[in-house]
Amino acid sequence: FSEDELEELRGESQRAYDLDRAHVFHSWSAQKQITPMVVSRAAGSYVYDGEGRPLLDFSSQLVNTNIGHQHPTVVQAIKDQADVLCTINPAHANDKRSEAARLITERLPASLDRVFFTNGGADAVEHAVRMARLHTGRRKVLSRYRSYHGGTEQAINITGDPRRFRNDMGDAGTVHFFGPFLYRSEFHATTEAEETERALTHLRRTIELEGPQTIAAVILESIPGTAGIMIPTTEYMQGVRALCDEFGIVYIADEVMAGFGRSGTWFSFEHFDVVPDLVAFAKGVNSGYVPLGGVAISDAISATFADAAYPGGLTYSGHPLACAAAVATIAAMEDERMVENAAQLGETVVGPRLREIAATSPIVGEVRGTGMFWAIDLVKDKDTKEPLAPYGGSSPQMNEVIGRIRAGGVLPFANYNRIHVVPPLNVSEAELREGLAVLERAFTEPV
Ligand code: PMP
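Cut-offs used in this document
Residues numbered from 1 in each chain as written. Predicted model: local features only at pLDDT ≥ 70, side-chain atom pairs only at ≥ 80, totals over all residues. Axes fitted to C-alpha atoms, helices over the stretch in contact; angles between N-to-C directions. Helix = DSSP H or I, 4+ residues; strand = E, 2+ residues; numbered from the N terminus. Parallel < 35°, antiparallel > 145°, perpendicular 65-115°, else oblique. Left-handed = near helix turned anticlockwise from the far one by under 90°. Contact = placed C-beta atoms within 7 Å. Nonpolar A, V, L, I, M, F, W, Y, C, P; charged D, E, K, R; others polar. Pairing = 2+ DSSP bridges. Buried ≥ 20, exposed ≤ 12 C-beta atoms within 10 Å, placed from the backbone. Near = placed C-beta within 6 Å.

(A) Representation of the packing of helix α8 (residues 192-210) against helix α9 (residues 234-247) within the structure. Close contact between α8 and α9 brings their axes to 10 Å; oriented N to C, the two are set at 20°. By the angle between their axes, α8 is roughly parallel relative to α9. Taken as a pair, α8 and α9 cross one another with a handedness that is right-handed. Residue-level inspection shows T196, A199, L200, L203, R204 and I207 of α8 in contact with α9, the latter providing E235, Y236, G239, V240, L243 and F247. Here the residues of the contact of α8 with α9 are counted per class, giving eight nonpolar, two polar and two charged.

As structure tokens, this is what we get:
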């Protein structure tokens, strides 16, 4: 920025901030207790704050700008689409929606051959659940504690997170179970094999006691994201698939955060060699450049609605601008080998550096991840594993760590006692190393 541009940016930012505080109602917030950072420019792996200061985006915003900010071919595709057609009734067919559906289903197992488009992740989950209920004629949905599935009525009830349990009445028909998480095992397990076996037994008991004939779906983030990037074993995921088959339960994979390359594969269930019945996606499908989500549907579930109408829909289902962005995003990811980049740099740079940091830092309890999808579990004491902030809350120590990271020029994704390393998939090795050095310093000084 030139001095004049900076001057103008500061003026714009102050006005944006003042109007925000006067009129905008924010998600998940006590409205009087927040001081949101103004962002009006971004490029590649960087966002610029209201002062024009660059911050390395280790958050990909809410883990969605998988191709980085302002990717030129995607920006151009949106402009080109805006010139010819901005919006249509979703009952019509449209070239960009058709092409987006082709590109998405091509990257999924052959049985998932049809896509219903939504506006984001929560409504993708809503519709996946609705399809499962209509398909099975059953009502209950089983999901993990330590999960995030969205902020709308059904999705938030399915979500297993203190943020919901503290503030919401809950809904009959949503049942939670414990998933595998060895570091903080609910099953007193000491090995992955024990954790897997006990978690599967617990799920089987839950299904039996709830009554299989009442259960429409089990929904799982293949790799839980917001809840802490706990990678399950292949045996666990295959065990869940087998339980669903045994009891005629629909298996919904929520790939909203972990999908579209984030974990180093196109979809994160690929790590476990399982095929879901429904796949909810959003975020990375077009890197959030225009709101878009969807549900990929198995042939068997599609067949339920072949001659009987699906009783659900959305005005913006398959919005042309959003689908044009998806087509261009998937092309850019392929052309620039972004999924491969994420897999490779995750394995050769992020994983090894984070493990090095964990070995020396007094507050890093565990690091977990794959691809550009990593979580750092911060603790007060490595032996007791007491979290640096309570589950569902914050602490002065955690705020101190977040402050240090930001002061070092890195924008983290922080959740309770965790810092997540989730940069764009096309982040460079130099950018990664620079950001990881900032984290190392933040975790080394005493808190
Ligand atoms: N499912 C998962 C796994 C998510 O991570 C999110 C968003 N963080 C959602 C669903 C909800 O998506 P959205 O915020 O687009 O409604």
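Having seen the structure, we can now continue with the description.
(B) Quick peek at the pairing of strand β3 (residues 54-57). Relative to β3, strand β2 (residues 46-49) runs antiparallel, the two sharing three bridges. Within β3, the position partnered with Y46 by the bridge is L56. In sequence, β2 turns back onto β3 through a hairpin of four residues, with G52 there showing a positive phi of about 80°. In this structure, β3 lies alongside strand β13 (residues 410-411), joined through two bridges in parallel fashion. Paired with L56 across the bridge in β13 is V410.

(C) Region of the structure containing the environment of I363. Here I363 is to be found in the loop between α12 (338-360) and β11 (364-370). Classification of I363 by C-beta neighbours within 10 Å gives buried; the count is 23. Distance in space between the C-alpha atoms of I363 and F443 is 6.5 Å, their sequence separation being 80 residues. Not counting residues up to four positions away in its chain, the partners in contact with I363 are L378, V379, L388, F443 and V447.

(D) A look at the site of the ligand. In the vicinity of the ligand, 16 residues are found, and the nearest of them are G120, G121, A122, V256 and M257. With three residues, the single largest contributor to the shell around the ligand is helix α5 (residues 121-136).

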